[in-house]
Amino acid sequence: MKVLVLNSGSSSLKYQLFDMAERTLVARGAAERIGEPDSDISDHAAALDRIVANLLGIEVAMARRPDVPQVAVFDTAFHHTIPPHAYRYAVPEEWYESHGVRRYGFHGTSVAYVAKQAAREIGRPLGELNLIVLHLGNGASVTAVANGKSVDTSMGMTPLEGLVMGTRSGDIDPGVIVHMARQAGMSVEEIDADLNGESGLSGLCGVGDVRDVLEREAAGDARARLALDVYAYRMRKYIGAYMAALGHVDGIVFTAGVGENSADIRERACEGLQRLGVQLDETRNRASARGARPIHREGAPVAVLVVPTNEELEIAEQTLQCIQTSGAATTEAGRQNG
Ligand code: ADP
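Keep in mind that what you see is a predicted model, and the values were worked out from it rather than measured. (Residues numbered from 1 in each chain as written. Predicted model: local features only at pLDDT ≥ 70, side-chain atom pairs only at ≥ 80, totals over all residues. Heavy atoms only, no water.)

Moving on, we get to the overall build of the protein. Scanning the protein from terminus to terminus reveals 14 helices and 9 strands. In the protein, which comprises 338 residues, the share counted as buried stands at 44%. Expressed as a percentage of contacts within the protein between residues at least 6 apart in sequence, the contacts between residues at least 24 apart total 57%. Only carbon and sulfur atoms are counted for the fraction: they give 50% of the accessible area of the protein, which is about 17500 Å². (Helix = DSSP H or I, 4+ residues; strand = E, 2+ residues; numbered from the N terminus. Buried < 20%, exposed > 50% of the residue type's maximum accessible area, 1.4 Å probe, protein only. Contact = heavy atoms within 4.5 Å. Areas by Shrake-Rupley, 256 points an atom, 1.4 Å probe, with all protein chains shown as cover.)

Right under this line is the structure:
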C-alpha cells in the first residue's frame, strides 16, 4: 500500500509518498514561503495546484483518485489524553461550554513520533517513560509526556500560547490585549496580526529565523542577544514547570529545525538545570551528527536526546493503522488485485 501525505504548515506545503510495505519514501517535495512577499506562490491553493501538477506522473495523485481512501490526521490528536486540570482555562464556564475555550495543543504528530524514537534510544518501553519534548521550529512548543501519553503542552486553544516563537509572542498577560485595544486603539484584527506575525524573536530583534538571530548576536547586536535570552529563558521555565508536573523525568527531547540543528540553543535551554539532573555533554551536544542521539553526560539522571522528527512518516503510519482497522484497506487491496 502507498500513502500520500500532504502536510500543510503555516507557510509551507510538503508532500511525501510512502510505500508502507517497506516504509520506503517513494517521492517527496515541498512548496515553501507561501504567501511571503518574495514568493511566487500566493496561497496554499496555488501551492497545492503546483504539487498536484508535480504529481501528475505519480499514479496515486489524490485529486485524481477519489476512490482512494483518504485519512485526515489531526495534529491535536496526541494531546487528547491531557487531563481537565491541564486543559481547562480558569475562565467563565460558558466560554468553555459554548465556545470550546480550552487547551487543545499542536505538534502532536511530531511529538508522538519523536517520543517513540526516544523510547527506542533510551531502550525502555514508551509506556514506562516520562519525557519532556521540545519541538522547536518556526512554531515551538513543549509537551509533558507521562507514561507515553501527553499530559500537558504549551500551545493552547491556538498555537499562540507558550514558548517564544519566530513571529509569535507565546505567553503574555491577557490584559495586554485589552490595554492595546483601549490605549492604542488597535482593532482585534491588528492585535491578532501583531501577536502572530510581528512578535516573538521578530518582535524583539527584527528577524524571526533563529539562524539570522544567532548571526546578529554573534555580530554584537544587543537586541538579538536579548531576543535569545527571552527565548531560552521561556524554555527553561517550561522545562522546570513540566518537571514539577511530571514529578520524575526520564528524558528531555529536542526536535524540529532549531532543536535538531542548534547546539547553541539546546545548551541555553538546559543552562542552570544541572542540579535538576539535566547535564549536557558539550562534545556530544556539539558533534555534527545526524539521527537520534544522546547528548547528556554519561551517568546523568536525565537523558537528553536529539531526535529528528518525521511528521510525514508518522502520518503515514497512522493512516495505515486507520485504514487497516476501518477495513478500507480490504477494499483497496481487493481493487488492486482485481
Ligand atoms: P517549521 O515550523 O516551518 O517546520 P522548521 O522545523 O524547519 O520549521 O524550523 C525552522 C527553524 O529552524 C528556523 O528558525 C531556522 O532558523 C532554524 N534552524 C534550521 N537550521 C538551523 C541551524 N543549523 N541552527 C540554528 N537554527 C536552525
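Still to come is the rest of the account.
Moving on: the nonpolar core. Grouped together as the largest cluster of nonpolar side chains are 42 residues, with contacts concentrated most on I132, L134, L136, Y231, I252 and I265. The set of elements that each furnish at least two residues to this core consists of β4 (131-136), β5 (140-146), α7 (200-205), α8 (210-218), α9 (222-246), β7 (251-255), α11 (263-270) and β9 (303-306). Those residues in contact with I252, other than ones at most four positions away along the chain, are I132, L134, I239, V278, V302, A303, V304 and L305. M20, A119, V253 and A316 belong to the second largest nonpolar core, which has 23 residues in total. (Core = buried A, V, L, I, M, F, W, Y, C linked by side-chain atoms within 4.5 Å.)

To continue, consider a nonpolar patch on the surface. A grouping of I172, V176, I177 and M180 is seen on the molecular surface, where their side chains present a nonpolar patch of about 270 Å² in accessible area. On the secondary structure map, I177 appears in helix α5 (residues 175-183). (Patch = residues over 30% accessible without salt bridge, like charges linked within 9 Å, V, L, I, M, F, W, Y side chains within 5 Å. Salt bridge = Lys/Arg side-chain N within 4 Å of Asp/Glu carboxyl O.)

Turning next to the confidence of the model for the protein. When pLDDT is averaged along the protein, the result is 89; 86% of the residues meet or exceed 70. Confidence over residues 54-60 falls short of pLDDT 50; this stretch has 11 contacts with residues more than four positions distant or in other chains. Here residues 330-338 is a poorly scored stretch, pLDDT under 50, and it has 4 contacts once near neighbours within four places are set aside; other chains count. (pLDDT = per-residue confidence, 0-100.)

The next subject is the pairing of β5. With 7 of 7 residues buried, β5 lies mostly within the body of the structure. In β5, alternate side chains face the same way, and those of A140, V142, A144 and A146 on one face and S141, T143 and V145 on the other are all buried. Examined bridge by bridge, β4 and β5 share 6 bridges and lie antiparallel to one another. Bridge pairing in β5 places I132 opposite A144. Between β4 and β5, which follow one another and run antiparallel, lie 3 residues. Two strands pair when backbone bridges link them, and β5 and strand β6 (residues 149-153) are joined in this way by 4 bridges, in the antiparallel orientation. What sits directly across from V145, in β6, is S150. Counted along the chain from β5 to the antiparallel partner β6, the turn is 2 residues long, and its residue N147 has a positive phi close to 45°. (Pairing = 2+ DSSP bridges.)

As a further point, take the pattern of salt bridges. In total, this model carries 13 salt bridges according to the counting rule given. Across the salt bridge formed by R103 and D152, the nearest N and O atoms sit 3.7 Å from each other. Here D152 lies in strand β6 and R103 lies in the loop between α3 (93-99) and α4 (108-122), a separation of 49 residues in the sequence. For the pair R103 and D152, a shared accessibility class is recorded, and that class is buried. When the shortest N-O distance is used, the salt bridge between D229 and R225 registers 4.0 Å. Note that D229 and R225 are positioned in helix α9 at a spacing of 4 residues, about one turn of the helix. Looking at R225, the relative accessible area reads 47%, which means it is partly exposed. Salt bridges linked by common partners bring E217, R225, D229, D264 and R268 together as one network.

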